[in-house]
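For reference, the chains in residue letters:
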Amino acid sequence: MLEAILTSTEKASSWHDEAGRLRTLLNNDGYVPVRARLASEDLDFLGMARDNMLTFAELGLRLLDLHQPRDAGGITSDTAHPILRCRSCMWRWPCPTFRAMSESFGATPAAPVRV
């Protein structure tokens, strides 16, 4: 599923810059009366974009829920800051999965995400 999303995304055109220009054309009904030339790849991407984003967001939240810190249970001299391990993969906290996701989303990996 993720590979299919990546492939269709790479084939589709970026609408990032165009979306800003189109926003200025909104009419009183909240629509943009515009004619656009879209390739079949663009239509395929746009047709599945909402479902793909919902699936991807659900996956991200489930992964973050799996990779949360827990007390490692070891003896430490700093009782205020116990050693933490990921409750899923048991790496030292923050685990590589949580760190990679945090970096991808622009967050700092220090604090756990509660979902």
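Remember, it's a predicted structure, so these values are computed and weren't measured experimentally.

Describing the overall build of the protein chain
Right, so step 1: If you tally the helices and strands in the protein chain, you get 4 helices and 2 strands.
Right, so step 2: Element order for the protein chain, N to C, with α for helix and β for strand: α-α-α-β-β-α.
Right, so step 3: Looking at the 115 residues of the protein chain, the share that counts as buried comes to 15%.
Right, so step 4: For the protein chain, restricting intrachain contacts to residue pairs at least 6 apart in sequence, the fraction spanning at least 24 positions comes to 35%.
Right, so step 5: Accessible surface, the protein chain: about 9,200 Å² in total, of which carbon and sulfur atoms supply 56%.

Structural notes on the packing of aromatic side chains
Right, so step 1: The tally for this structure, following the rule as stated, stands at 1 aromatic pair.
Right, so step 2: Ring geometry for Trp93 versus Phe98: centroids 4.6 Å apart, planes at 40°, classification tilted. For the pair formed by Trp93 and Phe98, the shared burial category is buried.

Let's talk about the packing of helix H1 (residues 2-11) against helix H3 (residues 40-66)
Right, so step 1: Running from N to C, H1 and H3 point in directions that differ by 140°, and their axes come no closer than 10 Å. When the interaxial angle is binned, H1 and H3 end up oblique. Handedness of the H1/H3 crossing: left-handed. Contacts from Leu2, Ile5, Ser8, Thr9 and Lys11 in H1 reach Glu41, Phe45, Asn52, Phe56 and Leu59 in H3.
Right, so step 2: Looking at the contact of H1 with H3 residue by residue, the classes come out as 5 nonpolar, 3 polar and 2 charged.

Definitions and limits used
Residues numbered from 1 in each chain as written. Predicted model: local features only at pLDDT ≥ 70, side-chain atom pairs only at ≥ 80, totals over all residues. Heavy atoms only, no water. Helix = DSSP H or I, 4+ residues; strand = E, 2+ residues; numbered from the N terminus. Buried < 20%, exposed > 50% of the residue type's maximum accessible area, 1.4 Å probe, protein only. Contact = heavy atoms within 4.5 Å. Areas by Shrake-Rupley, 256 points an atom, 1.4 Å probe, with all protein chains shown as cover. Phe/Tyr/Trp six-rings, centres within 6.5 Å; stacked < 30°, edge-to-face > 60°. Axes fitted to C-alpha atoms, helices over the stretch in contact; angles between N-to-C directions. Parallel < 35°, antiparallel > 145°, perpendicular 65-115°, else oblique. Left-handed = near helix turned anticlockwise from the far one by under 90°. Nonpolar A, V, L, I, M, F, W, Y, C, P; charged D, E, K, R; others polar.

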